[in-house]
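# Coordinate inspection notes
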Amino acid sequence: MQRLYVYYRVPETALSEVVAAVRQVQAALVQQHPGLHADLLRRPELREGEVTLMETYAGGLTADVCAAIDTATRGLPQPRHTEVFEPLG
């Protein structure tokens, strides 16, 4: 099962606002796409007054679901760095 990781930096002062927005987007995506799992993580340390956030997505990452994630997250902080990983069998 592939996993999608998306990370980006936000000013610490905007953290609570961004977290609320991401959680709202993720909740909608999970509701619209059964089997999709989403999580939000943060790097514990600050870098130049910014926090690094990472969104993770797993379960049923079809091309349509990935396109829906891309569309739904366009209003979130940019630039976003996206990586796809798959487990070793």
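Computed from a prediction, not measured in an experiment: that's the story for all the values here.

Moving on, we come to the sheet that holds strand S3 (residues 50-58). The four strands are arranged S2-S3-S1-S4 in an open sheet whose pairing can be described as antiparallel. Strands at the two margins of the open sheet, each flanked by one partner only, are strand S2 (37-42) and strand S4 (81-85). Neighbouring strand axes in the sheet, compared pairwise and without regard to direction, differ in orientation by 20 degrees on average. Judged from the five bridges that link them, strand S1 (residues 3-11) and S4 form a sheet pairing that is antiparallel. Paired with Val6 across the strands is Thr82, a residue of S4.

With 19 residues, the main nonpolar core has Tyr8, Val10, Leu53, Tyr57, Leu61 and Ile69 as its most contacted residues. Elements that contribute at least two residues to this core include exactly S1, helix H1 (15-32), S3 and helix H2 (63-72). At six residues, the largest contribution of residues to this core is made by H1. Setting aside residues up to four positions removed in sequence, Leu53 forms contacts with Val6, Tyr7, Tyr8, Val10, Leu15, Val18, Val19, Leu40, Leu41 and Arg42.

About the thresholds
Residues numbered from 1 in each chain as written. Predicted model: local features only at pLDDT ≥ 70, side-chain atom pairs only at ≥ 80, totals over all residues. Heavy atoms only, no water. Pairing = 2+ DSSP bridges. Helix = DSSP H or I, 4+ residues; strand = E, 2+ residues; numbered from the N terminus. Axes fitted to C-alpha atoms, helices over the stretch in contact; angles between N-to-C directions. Core = buried A, V, L, I, M, F, W, Y, C linked by side-chain atoms within 4.5 Å. Buried < 20%, exposed > 50% of the residue type's maximum accessible area, 1.4 Å probe, protein only. Contact = heavy atoms within 4.5 Å.

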